[in-house]
Amino acid sequence: MTDFQRTLLTGAGGALGTQLRKSGTRLGKVVRLSALGPCENLEAHEEDFPANLADFDEVSKAVKGCDAIIHMGGQSLEGPWKTILDANITGGYNIYEAARQHGVKRIVYASSVHAIGFYERTEMIDGNVPTRPDSLYGVSKTFVENLGRYYFDKFGIETVCLRIGSSFPEPTDRRHLITWLSYRDCRQLVEKALSAPRVGFMIAYGMSNNSEAFWDNRTAAVLGYKPQDSADDFREQVFAKTTQGDPNDPAVRFQGGSFCAAGHYEDENK
Ligand code: 15L
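Figured I'd write up the structure that's included with this text.

So, how was this worked out
- Residues numbered from 1 in each chain as written.
- Predicted model: local features only at pLDDT ≥ 70, side-chain atom pairs only at ≥ 80, totals over all residues.
- Heavy atoms only, no water.
- Helix = DSSP H or I, 4+ residues; strand = E, 2+ residues; numbered from the N terminus.
- Rg over C-alpha atoms; globule rule 2.2 N^0.38 Å.
- Buried < 20%, exposed > 50% of the residue type's maximum accessible area, 1.4 Å probe, protein only.
- Contact = heavy atoms within 4.5 Å.
- Areas by Shrake-Rupley, 256 points an atom, 1.4 Å probe, with all protein chains shown as cover.
- Lys, Arg positive; Asp, Glu negative; His and termini not counted.
- Charge placed at Lys NZ, Arg CZ, Asp CG, Glu CD.
- Phe/Tyr/Trp six-rings, centres within 6.5 Å; stacked < 30°, edge-to-face > 60°.
- Lys NZ or Arg CZ within 6 Å of the ring centre and 35° of its normal.
- Pairing = 2+ DSSP bridges.
- Right-handed = clockwise from strand over helix to strand, strands pointing away.
- Axes fitted to C-alpha atoms, helices over the stretch in contact; angles between N-to-C directions.
- Parallel < 35°, antiparallel > 145°, perpendicular 65-115°, else oblique.
- Left-handed = near helix turned anticlockwise from the far one by under 90°.
- Nonpolar A, V, L, I, M, F, W, Y, C, P; charged D, E, K, R; others polar.
- Near = heavy atom within 4 Å.
- Polar contact = N/O pair within 3.5 Å; in protein donor to acceptor, adjacent residues only side chain to side chain.

### Let's talk about the overall build of the protein chain
Helix and strand counts for the protein chain come out as 11 helices and 7 strands. Taken against the 2.2 N^0.38 rule, which gives 18 Å for 270 residues, the C-alpha radius of gyration of the protein chain at 18 Å falls within 12% of a compact globule. Along the first, second and third principal axes, the C-alpha atoms of the protein chain reach 50 × 40 × 35 Å. Counting the 270 residues in the protein chain, one finds 52% classified as buried. In the protein chain, 67% of the contacts between residues at least 6 apart in sequence involve partners at least 24 apart. In the structure as shown, the protein chain presents an accessible area of about 12,300 Å², 50% of it carried by carbon and sulfur atoms. Each charge class in the protein chain was averaged separately, 30 positive and 35 negative side chains, and the resulting centres sit 5 Å apart.

What follows is the structure, given as structure tokens:
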């Protein structure tokens, strides 16, 4: 159970934000929901606070009165540079700077596998390896991770960066058998990141209890995370529907999958 009085959940209208709402008051006594537009079906402990992440004044008003933030908002895939810049990079700065100005104590940040996507699948990495982004989206994730480090070192705001793998209802391809994070485990991981007594600045991976792994996730264990689900249960059905692929294809070779094989977004979407 968290001690936070009021927790801001950004990206509350997105797929994972919607799942996290099911954690109820385990996220905070009051949970302030924020998305670009209004959120619906509010529970008694929820309040709605739409804000554009790229607008500092709007973000500042949303953050004021909160003592914790779960920052899920922004662009969740590769996209136009301007979108990444506004929603993720400026948006991330606005969240941290508003947090500093309003005395927020802890931020849980939805980072991504794409911060380290260009590690080979044959490499076992932990949260301390240098980043190797596979996209401008991945670069934006490393930027906000670094904001978290800076705002902890200089101002003492704690951050847990969760490098989320593939959080979907179930794994649908062979890479997901390694990177899958069930919705239930995603909720637990965020709850633990909020309720652990002291986290400082920490990077953990968002994966379920999958027996195939390229992440050493001991920092998540430090938080008390004990995943309940496993992609192993879907192995047969995924193998029946998919093929191995060329091991030299960047989509198969690297941890970031298809993001590593894709060209430059702006070139391909003129
Ligand atoms: C992500 O960061 C995305 O938000 C998600 O939609 C998936 O593409 C995931 O990574 C993944 O690589 O599986």
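Past the structure itself, the notes keep going.
### Some remarks on the packing of aromatic side chains
For the coordinates displayed, the defined rule picks out 9 aromatic pairs. On the numbers, 5.4 Å between centres and 40 degrees between planes, the contact of tyrosine 96 with tyrosine 151 is tilted. Of the two residues, tyrosine 96 sits in helix H3 (residues 81–101) while tyrosine 151 sits in helix H4 (residues 136–155), which places them 55 residues apart along the sequence. Since its relative accessible area comes to 0%, tyrosine 96 is described here as buried. Ring plane angle 45 degrees and centroid distance 6.0 Å describe the contact between tyrosine 137 and phenylalanine 259, whose orientation is recorded as tilted. Of this pair, tyrosine 137 sits in helix H4 while phenylalanine 259 is found in helix H10 (residues 258–261), placing the two residues 122 residues apart along the sequence. On the basis of relative accessibility, which here comes to 6%, the residue tyrosine 137 falls in the buried class. Accessibility expressed as a relative area gives 18% for phenylalanine 259, which makes it buried. Its guanidinium or amino end placed over the ring of phenylalanine 155, arginine 100 lies 5.1 Å from that ring's centre, counting from NZ or CZ.

### So, the pairing of strand E6 (residues 158–164)
Extensive coverage of E6 is indicated by the burial of 7 of its 7 residues. Of the two faces of E6, the one holding Glu158, Val160, Leu162 and Ile164 and the one holding Thr159, Cys161 and Arg163 are both buried throughout. Looking at chain direction, strand E5 (residues 106–112) and E6 are connected through 7 bridges and run parallel. Among the inter-strand pairings, tyrosine 109 is bridged to a residue of E6, identified as cysteine 161. Chirality of the crossover, the property in question, places the unit of E5, H4 and E6 among those that are right-handed.

### Considering the sheet that holds strand E7 (residues 201–206)
Reading across the sheet, the 7 strands line up as E3-E2-E1-E4-E5-E6-E7 and stay open at both edges, with parallel pairing between neighbours. Looking at which strands have only one partner, the edges of the open sheet turn out to be strand E3 (46–48) and E7. For this sheet, the mean angle separating the axes of adjacent strands, direction not counted, is 20 degrees. Bridging between strand E2 (residues 30–34) and E3 involves 3 bridges; their strand directions are parallel. Across the sheet, the residue bridging to valine 31 is glutamate 46, located in E3. Contacts between helix H2 (residues 56–63) and the sheet are confined to strand E1 (6–10), E2 and strand E4 (68–71), with E2 contributing the most and set at about 165 degrees to the helix. Here H3 sits on the sheet in contact with E1, E4, E5 and E6, set at roughly 175 degrees to E4.

### Let's talk about the packing of H2 against H3
The contact between H2 and H3 brings their axes to 9 Å, and the two run at 50 degrees. Taken as axis vectors, H2 and H3 run oblique relative to one another. Like other packed secondary-structure pairs, H2 and H3 cross with a definite hand, here right-handed. The segment H2 lies against H3, with Phe56, Val59, Ser60 and Val63 engaging Asn94, Ile95, Glu97, Ala98, Ala99 and Gln101. Of the residues belonging to the contact of H2 with H3, the class tally is 6 nonpolar, 3 polar and 1 charged.

### Thoughts on the site of the ligand
As a structural note, the neighbourhood of the ligand is formed by Ser76, Leu77, Ser112, Val113, His114, Tyr137, Gly165, Ser166, Phe168, Arg175 and Phe259. Histidine 114 places a side-chain nitrogen or oxygen 2.6 Å from an oxygen atom of the ligand. Out of a free accessible area of 320 Å², the ligand has 80% covered by protein chains. Tallied by class, residues from the shell around the ligand come to 5 nonpolar, 5 polar and 1 charged.

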